[in-house]
Amino acid sequence: MGTLLQDIRYGLRGLWRQPAFTLVAVCSLALGIGANTAIFSLVNAVLLKPLPFADSERLVMVWEDASVIGAPRDSVAPANFVDWKTQNQVFDEMAVLSWQSFNITGDGEPERVTAYAVTANVFPLLGTEPALGRHFLPEENEPGTAKVAMLSHGLWQRRYGGDPSIVGRDIMLNGEKRTVVGVMPQGFQFLQSFIGLWVPTALTQEELANRGAHYLTVLARLKPGVTAEQAQADIGAITDRIAQADPNEAGNLKAAVVPLREQLSGGVRNSLFILLAAVGFVLLIACANIANLLLARATARQREIAVRTALGASRWRVVRQLLTESVLLSVMGGGAGLLLAAWGFEFLKKLVPDAMALSATLKLDLPVLGYALAVSVLTGLVFGLAPALQASRIDLGEALKQSGGRTGLTAGGGRLRGALVVVEVALALVLLVGAGLLIQTISRLQQQYTVFQPEQLLTLRTVLPEGKYKELSRRVDFYDQVLARVETLPGVVSAGYTTSVPLQWKGGANGFTMEGPPPEGVLATNAIHRQVSAGYFKTMGVGLREGRYLEERDDAKGQQVMVVNETMARQYWPGETAIGKRIKFGPAEGTDPWRTIVGVVADVRQMGLDAPVKAEMYLPYRQIASHAFYKPRDLVVRTSVDPMSLVSAVRGEIHAVDPEQPLSNIATMEKLLADETGARGLGMMLLSTFAGLALLLAALGIYGVLAYFVTQHVPEIGVRLALGARPRDILALVLKKGMGLALGGVAAGLLAAFALTRLMEKLLFGVTATDPATFAGVAALLVAVAFAACYIPARRATKVDPMVALRYE
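Residues numbered from 1 in each chain as written. Predicted model: local features only at pLDDT ≥ 70, side-chain atom pairs only at ≥ 80, totals over all residues. Heavy atoms only, no water.

1. Some thoughts on unusual backbone geometry
The phi dihedral of Asp-55 is positive, around 45°, even though this residue is not glycine. The topology assignment puts Asp-55 in the loop between helix H2 (19-48) and strand S1 (59-66). In this structure Asp-55 comes out as partly exposed when scored by relative accessible area, which is 39%. If you check the backbone angles, Asn-174 has positive phi at about 50° while not being a glycine. In this fold, Asn-174 is placed in the loop between strand S7 (170-173) and strand S8 (176-183). Here Asn-174 falls in the partly exposed class, since its relative accessible area comes to 24%. (Helix = DSSP H or I, 4+ residues; strand = E, 2+ residues; numbered from the N terminus. Buried < 20%, exposed > 50% of the residue type's maximum accessible area, 1.4 Å probe, protein only.)

2. Side note on the pairing of strand S3 (residues 91-105)
Judged by how many residues are buried, S3 sits mostly within the fold: 11 of 15 residues are covered. Here S3 pairs with strand S4 (residues 111-118) via 8 bridges, running antiparallel. Within S4, the position partnered with Ile-104 by the bridge is Glu-111. Linking S3 back to S4 in an antiparallel pair, the connection comprises 5 residues, with Gly-106 at a positive phi of about 90°. (Pairing = 2+ DSSP bridges.)

3. Re helix H24 (residues 772-797)
Its 26 residues place the ends of H24 37 Å apart at the C-alpha level, agreeing with the 38 Å of an ideal helix rising 1.5 Å per residue. Taken as a whole, H24 carries its principal kink of about 30° at Tyr-791; the proline Pro-793 stands between one and four residues after it. Listed in full, the buried residues belonging to H24 are Thr-774, Phe-775, Val-778, Ala-779, Leu-782, Ala-786, Ala-789, Cys-790, Pro-793, Ala-794 and Ala-797. (Expected span 1.5 Å × (residues − 1). Bend = angle between axes of the 7 residues up to and from the residue.)

4. So, the packing of helix H16 (residues 472-487) against helix H19 (residues 647-657)
Where H16 contacts H19, the axes come no closer than 9 Å and their chain directions differ by 145°. Here the hand of the crossing between H16 and H19 comes out right-handed. Where H16 abuts H19, its residues Phe-478, Gln-481, Val-482, Arg-485 and Val-486 lie against Val-650, Glu-653, Ile-654, Ala-656 and Val-657. Class assignment of the residues belonging to the contact of H16 with H19 gives a composition of 7 nonpolar, 1 polar and 2 charged. (Axes fitted to C-alpha atoms, helices over the stretch in contact; angles between N-to-C directions. Left-handed = near helix turned anticlockwise from the far one by under 90°. Contact = heavy atoms within 4.5 Å. Nonpolar A, V, L, I, M, F, W, Y, C, P; charged D, E, K, R; others polar.)

5. Looking at the packing of helix H23 (residues 727-756) against H24
Contact pair H23 / H24: the axes reach a minimum separation of 9 Å and the direction vectors enclose 155°. With respect to H24, the axis of H23 lies roughly antiparallel. Pair H23 / H24 crosses with right-handed handedness. Listed contacts from H24 to Ile-730, Leu-731, Val-734, Leu-735, Gly-738, Met-739, Ala-742, Leu-743, Val-746, Leu-750, Ala-753 and Phe-754 of H23 are Phe-775, Ala-779, Leu-782, Val-783, Ala-786, Phe-787, Cys-790, Tyr-791, Pro-793, Ala-794, Arg-795 and Ala-797. (Parallel < 35°, antiparallel > 145°, perpendicular 65-115°, else oblique.)

6. A word on the pattern of salt bridges
Two side chains bearing opposite charge may form a pair once their charged atoms approach each other closely. Applying the stated rule across the entire model yields 25 salt bridges. Notably, a salt bridge pairs Arg-570 with Asp-603, separated by 3.8 Å at the nearest N-O pair. One end of the pair, Arg-570, is in helix H18 (residues 566-572); the other, Asp-603, is in the loop between strand S20 (595-601) and strand S21 (616-620), with 33 residues separating them in the sequence. (Salt bridge = Lys/Arg side-chain N within 4 Å of Asp/Glu carboxyl O.)

7. Things to note about helix H22 (residues 714-722)
Regarding H22, the residues found buried are Pro-715, Ile-717, Gly-718 and Leu-721. What you see down the axis of H22 is that its buried residues fit within an arc of 160°, all on one side. Just beyond H22, the residue with positive phi is Gly-724, at close to 110°. (Arc of directions from axis to C-beta.)

8. Brief notes about the nonpolar core
In this structure, Phe-53, Phe-123, Phe-136, Phe-190, Trp-198 and Phe-537 are the most contacted members of the largest nonpolar core, which totals 137 residues. It is helix H21 (residues 678-712) that provides the largest number of residues to this core, a total of 16 residues. Contacts of Phe-537, omitting those with residues within four sequence positions, involve Val-532, Val-542, Tyr-549, Leu-550, Val-563, Val-601 and Tyr-618. Grouped together as the second largest cluster of nonpolar side chains are 24 residues, Phe-478, Val-492, Leu-646 and Val-657 included. (Core = buried A, V, L, I, M, F, W, Y, C linked by side-chain atoms within 4.5 Å.)

9. So, the side chain of Arg-633
Locating Arg-633 in the fold gives a position in the loop between S21 and strand S22 (634-639). The side chain of Arg-633 sits in the buried core without any salt bridge; Asp-634 is the nearest counter-charge, 4.3 Å away. Setting aside residues no more than four positions away along its own chain, Arg-633 makes contact with Leu-460, Arg-461, Thr-462, Val-463, Tyr-497, Thr-498, Thr-499, Ser-500, Gln-504 and Trp-505. (Lys, Arg positive; Asp, Glu negative; His and termini not counted.)

10. Overview of a nonpolar patch on the surface
A cluster of nonpolar residues, Val-331, Leu-373, Val-377 and Leu-381, forms a patch on the protein surface that exposes about 310 Å² of accessible area. Element by element, the count of residues in the nonpolar patch is highest for helix H13 (residues 366-392), at 3 residues. Relative to the assigned elements, Val-377 resides in helix H13. (Patch = residues over 30% accessible without salt bridge, like charges linked within 9 Å, V, L, I, M, F, W, Y side chains within 5 Å. Areas by Shrake-Rupley, 256 points an atom, 1.4 Å probe, with all protein chains shown as cover.)

11. Brief notes about the packing of aromatic side chains
Counted according to the given criterion, the structure contains 18 aromatic pairs. With a centroid separation of 6.1 Å and an interplanar angle of 90°, the aromatic rings of Trp-99 and Tyr-116 are classed as edge-to-face. With Trp-99 in strand S3 and Tyr-116 in strand S4, this pair connects stretches of sequence that are 17 residues apart. With a relative accessible area of 44%, Trp-99 lands in the partly exposed category. Residues Phe-123 and Phe-136 carry aromatic rings whose centres are separated by 6.4 Å and whose planes lie at 50° to one another, so their mutual orientation is tilted. In this pair, Phe-123 sits in helix H4 (residues 122-126) while Phe-136 sits in the loop between strand S5 (132-133) and strand S6 (148-151), placing the two residues 13 residues apart along the sequence. The buried category is assigned to Phe-123, whose relative accessible area is 1%. By way of ring pairs, the aromatic residues Tyr-469, Phe-478, Tyr-479, Tyr-497 and Tyr-621 are connected into one cluster. A cation over a ring is seen here: Arg-474 above Tyr-469, with NZ or CZ 5.3 Å from the ring centre. The side chain of Arg-758 reaches across the aromatic face of Phe-754, ending 4.5 Å from its centre. (Phe/Tyr/Trp six-rings, centres within 6.5 Å; stacked < 30°, edge-to-face > 60°. Lys NZ or Arg CZ within 6 Å of the ring centre and 35° of its normal.)

12. A word on the side chain of Asp-554
The topology assignment puts Asp-554 in the loop between strand S17 (544-547) and strand S18 (561-565). Judged by its relative accessible area of 4%, Asp-554 falls in the buried class. Within the local environment of Asp-554, its side chain forms a polar contact with the backbone nitrogen of Glu-551, the two atoms lying 2.8 Å apart. Those residues in contact with Asp-554, other than ones at most four positions away along the chain, are Arg-548, Val-561, Pro-620, Arg-622 and Gln-623. (Polar contact = N/O pair within 3.5 Å; in protein donor to acceptor, adjacent residues only side chain to side chain.)

Limitation: the analysis is restricted to geometry and does not speak to function.
Below is the structure:
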């Protein structure tokens with residue numbers, strides 16, 4: 001221990017005497033270790049840390065697998081859930097949730113709150129106790145029982161000021177009194193982060209027997225010792241029996257059992273590990289640069305090392321001293337890196353999936369601190385070992401005779417420095433290729449929405465309460481008045497209503513019956529359903545491909561009509577026009593009227609930026625009286641001024657029609673598109689930043705090696721110049737040395753990138769993992785940067801004065 005402390009004191013004094021070297025090394029390591037620590041904290045919070053639920057590794061989600069219509073994780077029909085719950089052999093318990101929303105009125109500004117209707121066993125199954133009050137009672141799940149609700153901690157604080165007397169009080173939800181029985185704890189989240197309250201499901205016997213409506217989310221706990229694969233087999237067998245017993249409603253029914261961790265992480269596992277690998281590459285490049293600095297520093301210390309050896313120090317003793325100094329550097333870099341990591345948490349939390357936004361927090365906890373320490377020590381050993389071994393391998397007699405003018409490492413040291421530069425360039429190229437592929441992906445995702453005009457579009461949501469707007473005539477009157485009022489506002493070009501603007505609701509499919517047989521190969525007739533106003537398409541800028549748009553005359557008294565998108569027209573009427581074709585909801589013999597297609601409009605990606613376009617039908621809201629369909633709720637306003645500047649005026653017009661109607665989801669269409677690419681865009685920016693940093697470090701590495709090469713070969717250069725060599729010959733000599741290393745790194749990097757970018761395939765859109773243009777462009781960029789890094793020391797070599805160089809010799 002005494003010897004170790006002596007090494008530490010000696011190492012600190014040596015680093016203090018060379019502040020420039022120490023500062024460069026510590027800053028480089030701080031960037032590398034800090035980035036690694038920050039990304040690891042994100043990986044730890046999302047993928048490694050136990051979920052905040054009891055026995056979370058046994059929790060799974062159970063979905064209907066409707067891949068036949070492009071929905072591999074579809075909501076569950078109540079009757080299917082009942083059969084799974086009563087017949088399964090693999091679950092201790094099963095519970096359900098269903099998406100709802102409520103307008104809170106009567107105690108302040110009207111507010112729309114997203115909610116879940118849940119069975120009474122949801123919270124006990126999760127092992128979560130309320131902060132105030134109690135859970136739901138089993139009897140409260142029965143239809144017709146007392147109306148109750150539980151609040152989220154956020155809603156309790158925001159709307160009710162954290163008043164503990166809220167438990168037992170009545171609040172108005174959609175015009176109906178409900179008694180608050182509990183408040184959930186701060187940070188509690190299951191699935192969406194914006195859930196404001198929970199109510200009992202209270203499903204009727206008729207609803208529980210329904211196999212055609214799919215709207216339940218199913219949560220289950222595996223029995224001890226049962227795996228998700230075994231549960232999949234068991235639920236799959238039950239599902240097959242359901243399909244055989246009811247081929248009309250469930251003929252294509254399948255099921256999917258998904259571990260809760262996989263469900264909540266939202267498919268970000270690959271993205272996070274790619275970022276972790278990227279910051280690992282940056283740290284390796286930083287290590288290579290510092291190793292080169294240490295090799296150069298060891299040159300100046302050869303006489304010191306020779307003296308210590310001559311006085312009896314063993315080679316291991318010398319190596320240990322040098323490694324101690326390296327670890328000191330890395331620990332100092334790690335300490336500074338922790339500060340950088342903590343600073344970056346606020347930025348990185350945007351990469352946490354929304355389903356874990358409240359529960360997964362980024363912080364410097366014990367696992368993260370342990371990781372940072374381990375990385376710091378390992379880094380010091382990685383970049384310090386090779387230079388230490390190289391520096392300790394010296395010719396004692398030769399080193400003692402040197403006076404300091406002509407010191408130099410062996411040829412092995414030069415080869416090591418060159419190899420480190422090749423590694424740096426190769427790693428930088430891999431990162432640059434990855435960043436280039438993601439940049440193209442984001443660009444092509446955004447280009448998907450050039451089919452309409454997202455600029456100057458304001459969107460907001462007005463969800464009408466069921467009880468107040470039960471009749472079609474009242475709903476139509478509300479929509480008509482709002483549209484008429486809003487369109488008269490200064491700065492408004494046009495306005496329209498729709499069930500949901502693109503990307504805001506990735507559901508709403510309905511089955512239908514075609515007039516005539518479906519085309520060959522079509523197993524199910526199904527399309528996304530949206531109710532819209534006559535002016536919706538022109539307001540959005542959605543192009544008309546055939547026929548006509550919906551018009552004001554398409555009301556309850558007129559012919560029942562619809563407009564479809566290009567995909568629906570092509571899918572169900574291939575090779576012919578869809579205009580004039582008829583469909584109806586429900587069976588052919590049912591009471592729903594036949595609806596005639598009067599127009600075909602451009603495809604719009606409703607379900608996601610890279611989700612395939614699905615068949616979609618648009619119906620006039622004036623013709624849909626049934627409550628089985630989702631009603632219009634999103635108002636779209638095209639403006640000639642800043643869209644957000646009109647929010648107050650639009651709110652005033654809506655409240656003039658209904659003072660109790662809350663507004664929510666206020667945003668511009670451009671903002672919605674940006675939000676949809678948010679996580680990918682942030683990942684792209686991070687990877688691009690890491691790639692840029694890697695490029696800079698690689699350029700500095702090349703420059704450093706060549707600058708050292710020129711310094712060590714000043715006598716030789718002087719002799720060459722004295723014997724008649726031209727400056728351009730010296731320039732070519734040094735450039736050949738540097739570009740040889742750079743081209744070697746580019747070649748190695750291209751091979752590595754070709755293999756590693758295949759791991760990114762699931763993150764890409766519109767570009768292949770081995771895109772030739774990206775590979776060629778990145779290689780050309782690296783060669784250009786390497787040439788610039790080589791040219792500076794090469795140019796300096798041509799300025800060597802032969803007489804000075806010969807006197808130096």
